[in-house]
Amino acid sequence: MNFLKRIRQFLLSRATILTLIVLASGSMLLGSFIPQSFLLTPKGLMQWHADYPVISVVAGRLGLQHIYTHPIFAVIILLASGSLLLSCIEQCKKAWRRTCGEDSSGGADAAFTTTADPESVTLWLRQRGYRIVASGAFGVRLCRQPWGYWGNALLHVGMLVVIISSLWIALTQQRGKLHLAVRESFRPGEQWLSTEKGLLAKDPALDSPVRLESVSYEFWPTYGVKNVASRLTFQGRQNESEPAVVEVNRILYRHGMSIYQTVDFGHAFYVEVTDPVGTKKTYQLLLTHPEKPDTPSYGDYPDMLGPGILLRAKYLVDPEKGSFARGIPRLVLRMEVNGTSLGQLPLAAGTEETLGRFRFRLIKIDLWSGLIFVKFYGIQGVFFGFLIIIIGSSLNYFTPPRDVLVGAAANGKTVVSWRASKFKELYLDEFDRLDEQFNPEKTHG
């Protein structure tokens, strides 16, 4: 029992609560400043490592690029939930005492005595919206808008629901990322481009194959991405085809899974490579769409053709560097062997060229698109928690309770004490009217 009491005191102590708030807020702040690896493209991740080599190494070792699925983050949220749960219990007990008991949470803000009997004062107050909440040897306690005492309790309950739901999301979420080229399918059991899962979750998995049928995109006049849309086809269990469309600002919901369109897209180049011994192999080079018409997009493929061989690729949507609207993409390959450049060669669709001891043929060019598949449970609890918080806030600010204690004095008179839980200055006129009613000989300013 003493052990449980010490745990309770620890979780309710001001130092513990402040520490947990700082740790939770700091974790979220780190998640905002340190790119989370699941949301970055491989190119973006490499660029971040290049721009911040020291920070990226430290972040990688500490797992700061996976903050929201990190065990320490889960422990922080769990401790915060325990602390908030105990606070909720205390707040609910306090609200119950104030709405159904003698406790009015403090002394009187104003008081007067009157020759009127307590029953007359009580009746007058009840006719004006006051409710009897307790009675006894101390007299009769009445309260107007007693539900206002539950504002803080509901605020704590709402925050607890939000935190527990967020913890459940963090523990059970499943995320899988794909880069699919047009007319390419991804089947259940195949390897994802990248995945992320909570401590209690299994690896993400699809229930049916998905195929990318087409990709469309729009740009703003400043060449920023305005929209990206992917037209997909899901194959059902009875081999029926189910078409669907996902866009940047239009989430696709299917069988409990949310599918998001990323702003990662570009051209997929299918290159057939013939090695020095005559073996042919086809590679798919997915290059991100250039940011501007006159700025090429780059991709590095180390060791793809063998140890020590680095294949670099770049392309422009329009070789004339005019616009993104039309044009046949031109691929340029460059090869480095152990740091020594062997030159570069441009490739158009259907052409074949030799670079070093390898022969390259560009078979075809297609578009590709990035998709994120997410499954988690608990988001309804987050919204429900915010609804409770809104209700609690409304009770706090729009229904402040006012208490009146009516008791008998020793000299046969009646003592009336009035108190407002908050915003006393706004409701003093209620006390003035009460005083004037039972002490008409007084003059109030």
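What counts, and where the lines are drawn
Residues numbered from 1 in each chain as written. Predicted model: local features only at pLDDT ≥ 70, side-chain atom pairs only at ≥ 80, totals over all residues. Heavy atoms only, no water. Helix = DSSP H or I, 4+ residues; strand = E, 2+ residues; numbered from the N terminus. Rg over C-alpha atoms; globule rule 2.2 N^0.38 Å. Buried < 20%, exposed > 50% of the residue type's maximum accessible area, 1.4 Å probe, protein only. Axes fitted to C-alpha atoms, helices over the stretch in contact; angles between N-to-C directions. Parallel < 35°, antiparallel > 145°, perpendicular 65-115°, else oblique. Left-handed = near helix turned anticlockwise from the far one by under 90°. Nonpolar A, V, L, I, M, F, W, Y, C, P; charged D, E, K, R; others polar. Core = buried A, V, L, I, M, F, W, Y, C linked by side-chain atoms within 4.5 Å. Contact = heavy atoms within 4.5 Å. Phe/Tyr/Trp six-rings, centres within 6.5 Å; stacked < 30°, edge-to-face > 60°. Lys NZ or Arg CZ within 6 Å of the ring centre and 35° of its normal. Salt bridge = Lys/Arg side-chain N within 4 Å of Asp/Glu carboxyl O. Pairing = 2+ DSSP bridges. Patch = residues over 30% accessible without salt bridge, like charges linked within 9 Å, V, L, I, M, F, W, Y side chains within 5 Å. Areas by Shrake-Rupley, 256 points an atom, 1.4 Å probe, with all protein chains shown as cover. Domains from an automatic or database assignment.

Visitor: I keep staring at the overall build of the protein and nothing clicks. Help me out?
Guide: Scanning the protein from terminus to terminus reveals 9 helices and 20 strands. Relative to a compact globule of 445 residues, whose C-alpha radius of gyration would be 22 Å, the protein shows 34 Å and is clearly more extended. Counting only C-alpha atoms, the protein reaches 115 × 50 × 50 Å along its principal axes. With 445 residues in all, the protein has 42% of them scored as buried.

Visitor: What is the right way to read the packing of helix H7 (residues 151–172) against helix H8 (residues 379–398) from this model?
Guide: A pair of packed helices is captured by two measures, namely the crossing angle of their axes and the spacing between those axes. At their nearest, the axes of H7 and H8 sit 7 Å apart, and the two run at 165 degrees to each other. Of the possible angle classes, the one that applies to H7 and H8 is roughly antiparallel. H8 is crossed by H7, and the crossing has left-handed handedness. The class makeup of the residues in the contact of H7 with H8 is 15 nonpolar, 10 polar and no charged.

Visitor: Help me out: how do you make sense of the nonpolar core in this one?
Guide: Proteins that are soluble and globular tend to have nonpolar side chains buried together. Phe269, Val271, Leu285, Leu305, Leu331, Leu333 and Phe360 are the most contacted members of the largest nonpolar core, which totals 23 residues. If you list the elements that add at least two residues to this core, you get strand E11 (257–274), strand E12 (280–288), strand E14 (309–316), strand E15 (330–337), strand E16 (340–347) and strand E18 (358–375). In contact with phenylalanine 269, not counting residues within four places along its chain, are Tyr283, Gln284, Leu285, Leu287, Tyr315, Pro329, Leu331, Leu362, Lys364 and Ile365. In terms of nonpolar packing, the next biggest core, distinct from the first, is built from 21 residues, Leu178, Phe186, Val215 and Val228 among them.

Visitor: Just to check I follow, could you spell out the packing of aromatic side chains for this structure?
Guide: The description of an aromatic ring pair uses the distance of the two centres, along with the angle that the planes make with each other. In the structure shown here, the tally under the stated rule is 11 aromatic pairs. With a centroid separation of 4.7 Å and 35 degrees between ring planes, the pair formed by tyrosine 217 and phenylalanine 265 is classed as tilted. Pair noted here: tyrosine 217 is in strand E7 (residues 210–219) and phenylalanine 265 is in strand E11, with a separation of 48 residues, a long-range link. Linked through ring pairs, Phe112, Trp418 and Phe431 together constitute an aromatic cluster. The cationic tip of lysine 364 hangs over the ring face of tyrosine 270; the distance from NZ or CZ to the ring centre is 4.8 Å. Between arginine 402 and the ring centre of tyrosine 427, over which it is positioned, the NZ or CZ distance is 4.1 Å.

Visitor: Which parts of the structure should I look at to understand the pattern of salt bridges?
Guide: Oppositely charged side chains may form a pair once their charged atoms are brought near each other. Scanning all chains against the criterion turns up 18 salt bridges. Taking the shortest distance from any N to any O, the salt bridge between arginine 141 and aspartate 403 comes out at 2.8 Å. With arginine 141 in strand E3 (residues 139–144) and aspartate 403 in strand E19 (residues 402–408), this pair connects stretches of sequence that are 262 residues apart. Comparing arginine 141 with aspartate 403, the two get one shared label, buried. The closest approach of N and O atoms between glutamate 213 and arginine 211, which form a salt bridge, is 3.0 Å. We classify arginine 211 as partly exposed; its relative accessible area is 30%.

Visitor: Would you mind showing me how to read unusual backbone geometry here?
Guide: Although it is not a glycine, arginine 183 adopts a positive phi angle of roughly 70 degrees. Within the fold, arginine 183 resides in the loop between strand E4 (174–181) and strand E5 (185–186). In this structure, aspartate 303 takes a positive phi of about 60 degrees despite not being glycine. Turning to its location among the elements, aspartate 303 is positioned in the loop between strand E13 (297–302) and E14.

Visitor: Can you walk me through the sheet that holds strand E9 (residues 241–247) in this structure?
Guide: In sheet architecture, strand pairing relies on hydrogen bonds along the backbone and comes in two forms, parallel and antiparallel. The strand order E5-E7-E8-E9 describes an open sheet built from 4 strands, whose pairing is antiparallel. The open sheet terminates on both sides in strands that have one partner only, identified here as E5 and E9. Judged from the 7 bridges that link them, strand E8 (residues 225–235) and E9 form a sheet pairing that is antiparallel. Bridge pairing in E9 links serine 230 to valine 246.

Visitor: Just to check I follow, could you spell out the pairing of E19 for this structure?
Guide: It is a general feature of regular strands that their side chains alternate between the two faces of the sheet. Counting buried residues along E19, 5 of its 7 residues qualify, which places the element largely inside the surrounding structure. Pairing analysis gives 5 bridges linking E3 to E19, with the strands arranged antiparallel. Within E19, the position partnered with arginine 141 by the bridge is leucine 405. As paired elements, E19 and strand E20 (residues 414–420) share 7 bridges and run antiparallel to each other.

Visitor: In this structure, what is going on with a nonpolar patch on the surface? I would like to understand it.
Guide: Together, Trp168, Leu199, Leu200 and Tyr377 give the surface a local cluster of nonpolar side chains, amounting to about 460 Å² of exposed area. Considering the arrangement of structural elements, one finds tyrosine 377 in the loop between E18 and H8. In this structure tyrosine 377 comes out as partly exposed when scored by relative accessible area, which is 48%.

Visitor: What's the story with the side chain of threonine 274 in this structure? I'm lost.
Guide: Checked against the element boundaries, threonine 274 lands in strand E11. For threonine 274, the contacting residues outside a window of four places in its chain are Thr279, Lys280, Arg357, Phe358 and Arg359.

Visitor: Help me understand the domain arrangement of the protein, please; the structure alone is not making it clear to me.
Guide: Interface size, as often reported, equals the accessible area lost upon joining of the parts. Entries for the protein in the domain assignment read domain 1 (116–145 + 400–445), domain 2 (172–265 + 372–386) and domain 3 (268–367). Computed over C-alpha atoms, the centres of domain 1 and domain 3 are 86 Å apart.

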